[in-house]
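Observations on chain architecture
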Amino acid sequence: DAFRVQTVLSCPPEDISELDLRVPGKPAVRVARKNSAWRLEAPCVGLADETAVSALLGHLFAARIQAFGPPFRPDQIGSGAGNVFLTSYGRTPEAGLSVTVRSESGETEQIVFGDAIGTNLVWALAHNGTVIVQLDGSLVEQCRAGGASFRDTRVFPLMDGESVKSLSLTMGSSVYVLARD
């Protein structure tokens, strides 16, 4: 195992152009990078919270494989055997959260999470279905929570505080203007 890749995702983080989260029983969540800004594309359309998306991607790229499950035979790789094999490791509707990332070149990588192992590990099908691994269980919760936090809730999302030169408030017939030199 010392010679195996220990990371969950292999493409560089800056090459990611799309992230899909699928939790059974919930709408799929998709965010995509357009002109260097993250946009929420499903289940609704709008600006995405850059900090939340970057944080989840950071967790995914920082994740390290804790242990490897039994190996597949060469004739099983790519045949769907990984999905069947993972069933015995808890790929149930509740535990079947999946994360798919797409790079700018169109390559995809997917992780499918299975059941918890003890208190802090979880089984997963990684490297596009070619290996069963054990990962830190907190990664599942970060992915599960990530989708709900992707919507940008700022009132003026296209402006930062430094670029605002004036603000006007209208209350009835009164207008209040605050300006910065």
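Above this note sits the structure.
Residues numbered from 1 in each chain as written. Predicted model: local features only at pLDDT ≥ 70, side-chain atom pairs only at ≥ 80, totals over all residues. Heavy atoms only, no water.

Quick word on the overall build of the protein chain
Let me state the cut-off plainly: Only DSSP runs of H or I covering at least 4 residues are called helices, and only runs of E covering at least 2 are called strands; the numbering of each starts at the N terminus. The contact criterion used throughout is that any non-hydrogen atoms of two residues lie within 4.5 Å. Surface exposure here means Shrake-Rupley accessible area, sampled with a 1.4 Å probe, where a residue is shielded only by the protein chains that are shown.
In terms of helices and strands, the protein chain carries three helices and 11 strands. The secondary structure elements of the protein chain, listed N-terminal to C-terminal, are β-β-β-β-α-β-α-β-β-β-β-α-β-β. Look at the contacts in the protein chain between residues 6 or more apart in sequence, and 51% of them connect residues 24 or more apart. When the accessible area of the protein chain is evaluated, it comes to approximately 10,700 Å², of which 54% is carbon and sulfur surface.

Considerations on the pairing of strand β1 (residues 16–22)
What counts, and what does not: Partly exposed residues are those whose accessible area sits between 20% and 50% of the maximum for their type, while under 20% is buried and over 50% is exposed, using a 1.4 Å probe and protein chains only. In this description, strands pair whenever DSSP reports at least two bridges between them.
Extensive coverage of β1 is indicated by the burial of six of its seven residues. Examined bridge by bridge, β1 and strand β6 (residues 98–103) share six bridges and lie antiparallel to one another. Paired with Leu21 across the two strands is Val99, which belongs to β6. Alignment of β1 against strand β2 (residues 29–34), held across four bridges, turns out to be antiparallel. Paired with Asp20 across the two strands is Arg30, which belongs to β2.

With respect to the sheet that holds β6
If you trace the nine strands from one edge of the open sheet to the other, you get β4-β3-β2-β1-β6-β7-β8-β9-β5, paired in antiparallel fashion. Of all strands in the sheet, those bounded by a partner on one side alone are β4 (46–47) and β5 (67–68). In this sheet, β4 lies alongside strand β3 (residues 37–42) in antiparallel orientation, the contact comprising two bridges. Bridging across to β4, Arg39 finds its partner in Leu47.

Notes on a negative patch on the surface
Stated formally: Patch definition: residues with relative accessible area over 30% and no salt bridge; like charges joined within 9 Å; nonpolar side chains (Val, Leu, Ile, Met, Phe, Trp, Tyr) joined within 5 Å. Any Lys or Arg side-chain nitrogen located within 4 Å of an Asp or Glu carboxyl oxygen qualifies as a salt bridge. Working convention for charge: Lys and Arg count positive, Asp and Glu count negative, and His plus the chain ends are omitted. By convention, the charge on Lys lies at NZ, on Arg at CZ, on Asp at CG and on Glu at CD.
Taken together, the side chains of Glu14, Asp15, Glu104 and Glu107 make up a negatively charged region of the molecular surface. Position of Glu107 relative to the elements: it lies in the loop between β6 and β7 (108–117).

Focus: the pattern of salt bridges
The tally for this structure, following the rule as stated, stands at five salt bridges. The closest approach of N and O atoms between Glu18 and Arg102, which form a salt bridge, is 2.9 Å. Highlighted residues: Glu18 in strand β1 and Arg102 in strand β6, separated in sequence by 84 residues. Between Lys34 and Glu41 there is a salt bridge whose closest N-O contact spans 3.4 Å. On the basis of relative accessible area, Glu41 is assigned to the partly exposed category, the value being 29%. Linked by salt bridges that have partners in common, Glu18, Asp20, Arg30 and Arg102 make up one network.

Nothing here speaks to function; it is all geometry.
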